[in-house]
Amino acid sequence: MSYSTGEIAELCGVTVRTVQYYDREGLLKPEGFSEGGRRLYGDDSLKTLQIICMYKQLGLSLSDIKSVLAEQDNGAEILIRILNEREKSLDEEIKQKLSCRDSVRVIKKHLSEGSAMSRNTFFDVQTIMEGRKKQLWTYVSMGLVGLLTDAGIIATIVLWATMGLWIPFAVVMPCAVALTAIIVAVAYKNLAYICCECGKKFRPKFSEFFFGNHTFKTRKCTCTHCGANKFHTETYSD
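Below is a summary of the structure that appears in this document. None of the values given here were measured: they were computed from a predicted structure. (Residues numbered from 1 in each chain as written. Predicted model: local features only at pLDDT ≥ 70, side-chain atom pairs only at ≥ 80, totals over all residues. Heavy atoms only, no water.)

## Focus on the packing of helix H1 (residues 5–12) against helix H3 (residues 43–57)
Item 1. Where H1 meets H3, the axes come as close as 10 Å, and the angle between the chain directions of the two elements is 45 degrees. One finds that H1 runs oblique with respect to H3. Relative to H3, H1 is oriented so that their crossing is right-handed. Two secondary-structure elements touch here, H1 through Ile8, Leu11 and Cys12 and H3 through Ser45, Leu46, Leu49, Gln50 and Cys53.
Item 2. For the contact of H1 with H3, the residue count by class is six nonpolar, two polar and no charged. (Axes fitted to C-alpha atoms, helices over the stretch in contact; angles between N-to-C directions. Helix = DSSP H or I, 4+ residues; strand = E, 2+ residues; numbered from the N terminus. Parallel < 35°, antiparallel > 145°, perpendicular 65-115°, else oblique. Left-handed = near helix turned anticlockwise from the far one by under 90°. Contact = heavy atoms within 4.5 Å. Nonpolar A, V, L, I, M, F, W, Y, C, P; charged D, E, K, R; others polar.)

Structure representation (structure tokens):
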């Protein structure tokens, strides 16, 4: 069966100009001509064009497609190699897009909390994202230690109240106080803040860190660089 340029283009979902372009590039050749001199394509040409369209959807370049079509014996090996390279390229694109999406989410979350982005917005986003994992580890460690401390205090209080055993409480309570002090010291060492005015990272005075008003992500303290006393974004110290 023979097809005109328009017919084969319609069957493959491309334009006539695309078919003509593939013809000029040597990817697709007519199997004959009509009496009026128009190109005619057969079933083999239809299959070839379908394969070309599939490769284009996969993101292969025309030069890669030519290489695959030209090699009859080891075309499959060439295609596998090209597809492997294409897969790596797509993985990198996905990684970059995910990073961009994370940046968008950070900015949205920051703004939804009522905090204004500073002049160094890009620096803020990069700094927040780089310290996110370490910051999370600090939060988890503090939470686990806090739970264990509370559990120990409650258990010894129950023993004291029900069985009259006060010694466990006397032993555990000082340890809990000491452990809490260590937790606070570790948090003060590991956490820092990004100023909402100048965009610089700083560590506030211990009194402000310990007594200052705070949310889960921000704390009201004074920037040691510009003196802004506002709610600044919490991050991980370098």
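## Regarding the side chain of Thr218
Item 1. Tracing the backbone through its elements, the reader meets Thr218 in strand E5 (residues 218–222).
Item 2. Side-chain polar atoms of Thr218 contact the side chain of Thr215, separated by 2.6 Å. (Polar contact = N/O pair within 3.5 Å; in protein donor to acceptor, adjacent residues only side chain to side chain.)

## Here we look at the sheet that holds E5
The strands that make up a sheet are held in pairs by hydrogen bonds between backbone atoms, and each pair lies either parallel or antiparallel.
Item 1. Strands sit in the order E4-E3-E6-E5 across an open sheet of four strands; the sheet is antiparallel. Each of the sheet's edge strands pairs with one partner strand only, and the pair in question is strand E4 (201–202) and E5.
Item 2. As defined by bridge partners, strand E3 (residues 191–194) adjoins E4 across two bridges and the pair is classed as antiparallel. The residue of E4 that forms the bridge with Tyr193 is Phe202.
Item 3. This element, helix H8 (residues 167–190), spans E3 and strand E6 (229–236) of the sheet and lies at about 40 degrees to E3. (Pairing = 2+ DSSP bridges.)

## Side note on the nonpolar core
As a rule of thumb, soluble globular proteins bury nonpolar side chains together.
Item 1. Grouped together as the largest cluster of nonpolar side chains are 21 residues, with contacts concentrated most on Ile8, Val19, Tyr22, Leu49 and Ile65.
Item 2. If you list the elements that add at least two residues to this core, you get H1, helix H2 (16–24), H3, helix H4 (62–70) and helix H5 (75–112).
Item 3. Sort the elements by how many residues they give to this core and H3 lands first, with five residues.
Item 4. Look past the residues within four positions of Tyr22 in its chain and what remains in contact with it is Leu27, Leu28, Leu49, Ile52, Lys56 and Leu62.
Item 5. Ala187, Leu191, Phe202 and Ala228 belong to the second-largest nonpolar core, a separate cluster that totals twelve residues. (Core = buried A, V, L, I, M, F, W, Y, C linked by side-chain atoms within 4.5 Å. Buried < 20%, exposed > 50% of the residue type's maximum accessible area, 1.4 Å probe, protein only.)

## Considering the pattern of salt bridges
Side-chain pairs of opposite charge can arise where the charged atoms are in close proximity.
Item 1. Applying the stated rule across the entire model yields four salt bridges.
Item 2. Of the charged contacts in the structure, one is a salt bridge between Asp23 and Arg39, with a shortest N-O distance of 2.7 Å. In this pair, Asp23 is assigned in helix H2 and Arg39 in strand E2 (residues 39–40), connecting sequence segments 16 residues apart.
Item 3. Residues Glu93 and Arg86 are paired through a salt bridge, measuring 4.0 Å at the closest nitrogen-oxygen approach. (Salt bridge = Lys/Arg side-chain N within 4 Å of Asp/Glu carboxyl O.)

## Quick look at a nonpolar patch on the surface
Item 1. On the surface, a cluster of nonpolar side chains totalling about 400 Å² of accessible area is made up of Leu136, Val140, Leu144 and Leu147.
Item 2. Of note, Val140 is situated in helix H7 (residues 132–163). (Patch = residues over 30% accessible without salt bridge, like charges linked within 9 Å, V, L, I, M, F, W, Y side chains within 5 Å. Areas by Shrake-Rupley, 256 points an atom, 1.4 Å probe, with all protein chains shown as cover.)

## Regarding the packing of aromatic side chains
Item 1. Under the definition given, this model contains eight aromatic pairs.
Item 2. With a centroid separation of 6.3 Å and 40 degrees between ring planes, the pair formed by Tyr193 and Phe202 is classed as tilted.
Item 3. Given the relative accessible area of 0%, Tyr193 is considered buried.
Item 4. We classify Phe202 as buried; its relative accessible area is 3%.
Item 5. Consider the rings of Phe206 and Phe210, whose centres lie 5.9 Å apart with planes at 15 degrees: the pair is stacked. Of this pair, Phe206 and Phe210 are both found in helix H9 (residues 206–211), four residues apart, which corresponds to roughly one turn of the helix.
Item 6. Accessibility expressed as a relative area gives 44% for Phe210, which makes it partly exposed.
Item 7. Put simply, the rings of Tyr188, Phe206, Phe209, Phe210 and Phe211 pair up and form one aromatic cluster.
Item 8. A cation over a ring is seen here: Arg219 above Phe209, with NZ or CZ 4.8 Å from the ring centre. (Phe/Tyr/Trp six-rings, centres within 6.5 Å; stacked < 30°, edge-to-face > 60°. Lys NZ or Arg CZ within 6 Å of the ring centre and 35° of its normal.)

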